[in-house]
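What follows is the residue order along each chain.
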Amino acid sequence: MYPYPLENETNDVTLQYKNPLREESHPELAPDFPYKYIDRAFSEKQMGAPWHWHTQLEIFYMEKGDLLYRTPGESMLFLEGSGGLINTNVLHRTRIHSGCSAVSQKIHIFSPSFLAEKGSRIYQRYVLPVLQSPQTIFPFSDTGNALVRSSFLLTNSSPGYELKLREVLSQLVLTCYEDIASQPTAVSKQTDHKLLGMIAFIEEHLSEKLSVSDIAGSVYISERDCYRRFHSMLDETPQHFLQSMRLEKACQLLKETDLPVHEIAARCGMDSSYFSVVFSRSYGQSPSAYRLAGFS
């Protein structure tokens, strides 16, 4: 499990990362059928998904409750009964909107090549403009919401399932294409490789004492530039992001290992007493109580 606290928020969503850059891994996507369905739920103590990104398209539908999607520099609230598309290679995270006790959503994860072969006329004319659009999140209209809701009624036991699924996902991507078709020529999304590099450095050195100077120096930028990138892209400081990742790692170790708490604290770059205080403040319970709750 990979909870990711932000101030008084906590997360408890299992994500697999492909590399230290926090690219989400989806090994289930087969070459002959690059598609995956996810049924995801959050409760009051499971507030959202951590920062991550993926090379696949993500289409989701809010079955119950409201969820806030955040990307660098943008936040968008999706209410119950609504849906949208997250573009490829977009760093994003989610959290439950205030007032919601529980949230459930259904998600399609699929490679753009699932819709059309790269190089084909369909891919070049309709899929590629969406991928190259600077728009990171595409909210669906009422028509799109009805369509995405119906897409999750398909079952893989029904005749023609694969074709029907590709058809409805194509229609949803087409609505995104139509949204940007009247705009000026799309400019490719710019990935902040410096930021991803700093995130990777932090992840690889969680057990060590790290300063902002260390983080900035890992990608050869100044501390001021480091602060600017974290603030403008993630709306938090490097120190807060570092602490969040340490607590995220601690939660994983508490749930997946029987290591003593002081050893987990050391592996996360904190002394035992400080770790217990920070963990309790962030999650509302001690590390030992969190571990017990995970097995209850």
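Treat the numbers as computed from the prediction; the structure is a model and nothing was measured.

Colleague: Can you walk me through the overall build of the chain in this structure?
Modeller: Along the backbone of the chain there are 10 helices and 8 strands. By residue count, 50% of the 296 residues in the chain fall in the buried class. For the chain, long-range pairs separated by at least 24 residues make up 72% of all intrachain contacts whose partners lie at least 6 apart in sequence.

Colleague: Quick question: what am I supposed to make of the sheet that holds strand 6 (residues 93-96) here?
Modeller: Note: strands within a sheet are paired through backbone hydrogen bonds, in either parallel or antiparallel orientation. One open sheet accounts for 3 strands, arranged 4-3-6; its pairing is antiparallel. The open sheet is flanked by strand 4 (74-78) and strand 6, the only strands paired with a single partner. Each neighbouring strand pair of the sheet contributes to a mean axis angle of 25 degrees, computed without reference to strand direction.

Colleague: What should I look at first to understand the side chain of K106 in this one?
Modeller: Summarising the element assignment, K106 is placed in strand 7 (residues 102-110). Taking the relative accessible area as the measure of exposure, K106 reaches 14% and is therefore buried. Among all residues touching K106, those that are not within four sequence positions of it are Y37, I38, D39, I59, F60, Y61, E63 and F152.

Colleague: It is not clear to me how the packing of aromatic side chains should be interpreted in this structure. Could you clarify?
Modeller: Each aromatic ring pair is described using two quantities: the centre-to-centre distance and the angle formed by the ring planes. In the structure shown here, the tally under the stated rule is 15 aromatic pairs. Measuring from centroid to centroid gives 4.8 Å for F60 and F78, while their planes differ by 80 degrees, and the two rings are edge-to-face. Of the two residues, F60 sits in strand 2 (residues 57-64) while F78 sits in strand 4, which places them 18 residues apart along the sequence. The class for F78 is buried, based on a relative accessible area of 2%.

Colleague: Teacher, can you tell me more about the pattern of salt bridges here?
Modeller: Close approach of charged atoms allows side chains with opposite charge to pair. On inspection of all chains with the given rule, the structure shows 6 salt bridges. Between E28 and K36 there is a salt bridge, with the nearest N and O atoms lying 3.3 Å from each other. For E28, a relative accessible area of 44% corresponds to the partly exposed category. A single network of salt bridges, built from pairs that share partners, joins D39, E63 and K106.

Colleague: Would you mind going over the environment of D235 with me for this structure?
Modeller: Here D235 lies in the loop between helix 6 (223-234) and helix 7 (238-256). C-alpha separation for the pair D235 and T71, spaced 164 residues apart in sequence, amounts to 9.7 Å. Excluding residues that lie within four positions of it along the chain, D235 makes contacts with R70 and F230.

Colleague: I tried to follow the packing of helix 4 (residues 193-204) against helix 6 on my own but got confused; where do I start?
Modeller: A pair of packed helices can be characterised by two numbers: the angle between their axes and the separation between those axes. Running from N to C, helix 4 and helix 6 cross one another at 100 degrees; their axes reach a closest spacing of 10 Å. Between helix 4 and helix 6, the interaxial angle falls into the category roughly perpendicular. Here helix 4 contributes K194, L195, M198 and I202 to the contact with helix 6, which in turn contributes C226, R229, F230, M233 and L234. Within the contact of helix 4 with helix 6, the residues separate by chemical class into 7 nonpolar, no polar and 2 charged.

Colleague: So what exactly am I meant to see when it comes to the side chain of H26 here?
Modeller: Note that H26 resides in the segment before strand 1 (35-43). A polar contact of 3.2 Å, which involves the side chain of H26, links it to the side chain of K36. With near-sequence residues (within four places) excluded, H26 lies in contact with K36, I38, H54, Q56 and I109.

Colleague: How should I be thinking about the confidence of the model for the chain in this particular structure?
Modeller: In low-pLDDT segments, the atomic positions of the prediction should not be examined closely. The share of residues in the chain with pLDDT of 70 or more is 89%, and the mean pLDDT across the chain is 86. Between residues 1-12, whose pLDDT stays under 50, and residues either more than four places distant or in other chains, the model counts 69 contacts.

Colleague: Honestly, the environment of F60 in this entry has me stumped. Any pointers?
Modeller: For F60, a relative accessible area of 0% corresponds to the buried category. Distance in space between the C-alpha atoms of F60 and R149 is 9.0 Å, their sequence separation being 89 residues. Apart from residues no more than four positions distant in its own chain, F60 is found in contact with Y69, F78, S82, G83, G84, L85, I86, Q105, K106, I107 and V148.

Colleague: What am I meant to see in the packing of helix 6 against helix 7 here?
Modeller: One way to put it is that helix 6 packs onto helix 7 with a least axis distance of 9 Å and a crossing angle of 65 degrees. For the element pair helix 6 / helix 7, the angle class is roughly perpendicular. Mapping the contact onto sequence places C226, Y227, F230 and L234 in helix 6 and P238, Q239 and F241 in helix 7. For the contact of helix 6 with helix 7, the residue count by class is 6 nonpolar, 1 polar and no charged.

Colleague: I would appreciate a short explanation of unusual backbone geometry in the present structure.
Modeller: Excluding glycine, residues mostly carry a negative phi; peptide bonds, for their part, are mostly trans. Positive phi, normally seen in glycine, also occurs at Y220, with a value near 60 degrees. Relative to the helices and strands, Y220 is located in the loop between helix 5 (212-217) and helix 6. Despite not being glycine, D235 shows a phi value in the positive range, around 60 degrees.

About the thresholds
- Residues numbered from 1 in each chain as written.
- Predicted model: local features only at pLDDT ≥ 70, side-chain atom pairs only at ≥ 80, totals over all residues.
- Heavy atoms only, no water.
- Helix = DSSP H or I, 4+ residues; strand = E, 2+ residues; numbered from the N terminus.
- Buried < 20%, exposed > 50% of the residue type's maximum accessible area, 1.4 Å probe, protein only.
- Contact = heavy atoms within 4.5 Å.
- Pairing = 2+ DSSP bridges.
- Axes fitted to C-alpha atoms, helices over the stretch in contact; angles between N-to-C directions.
- Phe/Tyr/Trp six-rings, centres within 6.5 Å; stacked < 30°, edge-to-face > 60°.
- Salt bridge = Lys/Arg side-chain N within 4 Å of Asp/Glu carboxyl O.
- Parallel < 35°, antiparallel > 145°, perpendicular 65-115°, else oblique.
- Nonpolar A, V, L, I, M, F, W, Y, C, P; charged D, E, K, R; others polar.
- Polar contact = N/O pair within 3.5 Å; in protein donor to acceptor, adjacent residues only side chain to side chain.
- pLDDT = per-residue confidence, 0-100.

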